[in-house]
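Residue-level structure breakdown
One-letter residues, chain by chain:
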Amino acid sequence: MANPTPFPIEPTATPNVSSGSSSSSIDESSVKDSISIHRQVVSDLVDENGEQFSWSKLIFRRGPFNPPPVLDAIATKRSKDYENIHRFDPAARWTYREEKVNFNLGTTIFRLSFLCAELPSQLISKRVGPDRWIPTQICLWSIVALSQFWLKGRSSFLLSRALLGFIPDLILYMSYFYTKTELPIRLAFFWMSMNLCSILASFLAYGTLHLDGVAGQAGWRWLFLIEGSLTLLIGVATFCNMPPSPTQTKAWFRPKGWFTEREEVIMVNRVLRDDPSKGDMHNREGLTLKRLWTAVCDYDLWPVYILGLMFGIPSAPPSTYLTILLRNSGFNTFQTNLLTIPSQAMGILTMFIITVVSESVGERTLIAMMEDLWILPFLVTLYALPSSPNPWAFFAVITGLLSYPYVGWCSRNSGAVASRTVNASLYNMFVQASSIISAQIYVASDSPRYERGNRILIIICCVNLVVLYSGTKAYYVWRNRQRAKIWDAMTPQEQAHYLSTTKDVGNRRLDFRFAH
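Cut-offs used in this document
- Within each chain, residues carry numbers counting from 1 in the order of the written sequence.
- Where local features are concerned, this predicted model is filtered to residues with pLDDT of at least 70; where side-chain atom pairs are given and counted, the filter is 80 or more; whole-chain, interface and lining totals use all residues.
- With hydrogens and water stripped out, all remaining heavy atoms of the structure feed into the side-chain values.
- pLDDT: the predictor's confidence for each residue, scored from 0 to 100.
- Whether two residues are in contact is decided by their heavy atoms, any of which lying within 4.5 Å being enough.
- A run of H or I in DSSP counts as a helix once it spans at least four residues, and a run of E counts as a strand once it spans at least two, with each numbered from the N terminus.
- To estimate how far a helix should reach, multiply one less than its number of residues by 1.5 Å.
- For a residue, the bend is simply the angle between two axes, fitted respectively to the seven-residue segment ending there and the seven-residue segment starting there.
- Working definition: with a 1.4 Å probe on protein chains only, accessible area under 20% of the residue-type maximum means buried, over 50% means exposed, and in between means partly exposed.
- Like charges within 9 Å and nonpolar side chains (Val, Leu, Ile, Met, Phe, Trp, Tyr) within 5 Å are joined into patches, using only residues over 30% in relative accessible area that form no salt bridge.
- Here the open area of atoms and residues is found with the Shrake-Rupley method and a 1.4 Å probe, where only the protein chains shown may cover a residue.
- The salt bridge criterion pairs a side-chain nitrogen of Lys or Arg with a carboxyl oxygen of Asp or Glu, the two atoms within 4 Å.
- Only buried residues count toward a nonpolar core. Its members are Ala, Val, Leu, Ile, Met, Phe, Trp, Tyr and Cys residues joined through side-chain atoms within 4.5 Å.
- In this analysis, rings of Phe, Tyr and Trp, with Trp reduced to its six-membered ring, are considered paired at centre separations within 6.5 Å, and the interplanar angle assigns stacked below 30 degrees, edge-to-face beyond 60, and tilted for intermediate values.
- Geometrically, a charge over a ring is one whose NZ (Lys) or CZ (Arg) sits within 6 Å of the ring centre while staying within 35 degrees of the ring normal.

Attention now goes to the confidence of the model for the protein chain. Summarising the model, the protein chain shows a mean pLDDT of 76, and 74% of its residues fall at 70 or more. In this model residues 1-28 is a low-confidence stretch, pLDDT under 50, and it forms 49 contacts with partners more than four residues away in sequence or in other chains. Low pLDDT (under 50) marks residues 37-89, which in the prediction has 84 contacts with non-local residues, meaning those over four places away or in another chain.

Okay, structure coming up:
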């Protein structure tokens, strides 16, 4: 989902009068000075004419773009006929520099709470069933999201960031229905749908932000209320559209179910023949501490965890700061919301292509490297741009950068259901830790071009390509050869005896081979 531009918190205005005096006794010259200061500090932030956006004007305009806002200018938008202008105190508003500090803090809190909630959420999902837990999370999340309509200050903003740090546990749920070769493309469809939702959200934001002033409320407040309400409706509907398993699709409101008995037999048998470990646990069976600890100690997945920590860092700051970067280039708020769409659309295409290629060639590491290989030249170009680049040139570079392909393989290398539940959570926790790190790379002292931050991203990207990806592939090639040497030395009878008596599960089995 596109990251909305940070919004101002509305503090209570402080009267510019001496103690004991009434509003009628306000010094007239002080009022004029306050109005003059107010107009001066926001003159670069507000279009006086309030011109409506149109693509033709945007593309064919001859005049210069609006200059980027000054970092220490007041981060607010004035009302042209604000009745309390005589009470306005510019010092009561935070600056763009302070706003970005709060923005980074809010992002860090969101990711940290996300990280802390990941494993408990997966464990709850395994115990009560994802068909119950996922809709519950969606509803709870939407309530927090729409409640941001009533944000009053910094504390409530940070609290909302913390409460939004939860994620549905769809990987485990989808594994009930698909084989290991079918799951990657389905997960790709899931992530592509998130990009599609971001595109729709950008259009929704463009229209909703025009509600600024309706019922005396800011446009961003209406955006939270409308989007949160829509998500709540989807969450309620999800309770009726997520059956517990392929053989439990019948309900009082769906008496015929989704599949015939014959189709259920086919689904269950093809899934279990592809991965017998999926029959080891009930879909509402919780994990024991022993199984949890075994999954945590699965050192064969540690290389993937390290990749999860590092691979997303080069793209995260430009993605998080996309709307701010576009605003700094001279685009206004409404243009910025629409200009986030091309990268999301391109991301859908590249993700689909890279997933199909990955499954076709049976290669994971080299395909996964494509994200950093794609990003690196755009990062170098972004770093080399002049201090005041052409807005459209900057837009082309940042859009190309954020159109990167993405593919993962943690679920494939987990093996057993119990391991997949915990390992997917641990992997996501490393990804969220990556987001916390990346939130500290673009800092206010480096704005608006973030040259130091981009230099750091280039270095990390090179380390990923040269060290981490090649090291991960070398490790899994070595592990597969090591197991193949033992397995191939066994006679067919010994192999059959091992398969029927072994207590090894998932990727600990001698006949398991890691995808790389």
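The discussion continues.
A few words now on the environment of Leu-401. Structurally, Leu-401 can be placed in helix H18 (residues 391-401). As for Leu-401 and Asp-372, which are separated by 29 residues in sequence, their C-alpha atoms are 9.8 Å apart. Setting aside residues up to four positions removed in sequence, Leu-401 forms contacts with Ser-315, Pro-318, Trp-374, Ile-375, Phe-378, Leu-379 and Leu-382.

With 15 residues, helix H17 (residues 370-384) extends 22 Å between its outermost C-alpha atoms, agreeing within 8% with the 21 Å of an ideal straight helix rising 1.5 Å per residue. Helix geometry: H17 is bent most strongly at Leu-376, by close to 25 degrees, with proline Pro-377 lying one to four residues after it. What H17 keeps buried is the set Glu-371, Asp-372, Ile-375, Leu-376, Leu-379 and Leu-382. Where H17 is buried, its residues touch helix H16 (365-368), H18 and helix H21 (451-488).

A grouping of Phe-189, Met-346, Leu-349, Phe-352, Ile-353, Val-356, Val-357 and Val-361 is seen on the molecular surface, where their side chains present a nonpolar patch of about 640 Å² in accessible area. Element by element, the count of residues in the nonpolar patch is highest for helix H15 (residues 341-361), at 7 residues. Along the chain, Leu-349 turns up in helix H15. Owing to a relative accessible area of 45%, Leu-349 belongs among the partly exposed residues under this scheme.

With that settled, the discussion passes to the environment of Arg-254. Summarising the element assignment, Arg-254 is placed in the loop between helix H8 (219-238) and helix H9 (261-274). What Arg-254 contacts, discounting residues up to four positions off in sequence, is Cys-240, Asn-241, Pro-243 and Thr-249.

For the bond from Ser-447 to Pro-448, the omega torsion is 5 degrees, close enough to zero to count as cis. Positionally, Pro-448 belongs in the loop between helix H20 (417-438) and H21. Look at Ala-215: it is not a glycine, yet its phi comes out positive at around 55 degrees. With respect to the element layout, Ala-215 can be found in the loop between helix H7 (183-208) and H8. A residue is classified by how much of its surface remains accessible, and Ala-215, at 64% relative accessible area, is exposed.

This brings us to the pattern of salt bridges. Oppositely charged side chains may form a pair once their charged atoms are brought near each other. In total, this model carries 7 salt bridges according to the counting rule given. Its salt-bridge partner being Asp-300, residue Arg-479 comes within 2.9 Å of it at the nearest N-O pair. In this pair, Arg-479 sits in helix H21 while Asp-300 sits in the loop between helix H10 (289-296) and helix H11 (302-310), placing the two residues 179 residues apart along the sequence. Here the two residues Arg-479 and Asp-300 agree in accessibility, since each one is buried. Notably, a salt bridge pairs Arg-483 with Asp-300, separated by 3.6 Å at the nearest N-O pair. Residue Arg-483 is located in helix H21, and its partner Asp-300 is located in the loop between H10 and H11; the two are separated by 183 residues in the primary sequence. Given the relative accessible area of 0%, Asp-300 is considered buried. Where salt bridges share partners, they join Asp-298, Asp-300, Arg-479, Arg-483 and Arg-508 into one cluster.

In terms of nonpolar packing, the biggest core is built from 51 residues, with Leu-325, Leu-326, Leu-382, Ile-398 and Tyr-442 touching the most fellow members. If you list the elements that add at least two residues to this core, you get helix H3 (96-128), H10, H11, helix H13 (322-329), H17, H18, H20 and H21. Here the element with the most residues in this core is H21; it accounts for 8 residues. Of all hydrophobic cores here, the second largest spans 14 residues; its members include Met-192, Ile-199, Ala-218 and Trp-220.

Enumeration according to the criterion identifies 22 aromatic pairs in this entry. Ring geometry for Tyr-321 and Tyr-442: centres 5.6 Å apart, planes at 70 degrees, overall edge-to-face. Of this pair, Tyr-321 sits in the loop between helix H12 (316-320) and H13 while Tyr-442 sits in the loop between H20 and H21, placing them 121 residues apart in sequence. On the basis of relative accessible area, Tyr-321 is assigned to the buried category, the value being 2%. Its relative accessible area of 1% is what places Tyr-442 among the buried residues. A centroid spacing of 6.0 Å and a plane angle of 50 degrees characterise the contact between Tyr-475 and Trp-478, whose relative ring orientation is tilted. Here the residue Tyr-475 and the residue Trp-478 both occupy positions in helix H21, the gap between them amounting to 3 residues, near one helical turn. A relative accessible area of 21% means that Tyr-475 is categorised as partly exposed. By way of ring pairs, the aromatic residues Tyr-475, Tyr-476, Trp-478, Phe-512 and Phe-514 are connected into one cluster. When the ring centre of Tyr-299 is taken as reference, the NZ or CZ atom of Arg-508 above it lies at 4.9 Å.

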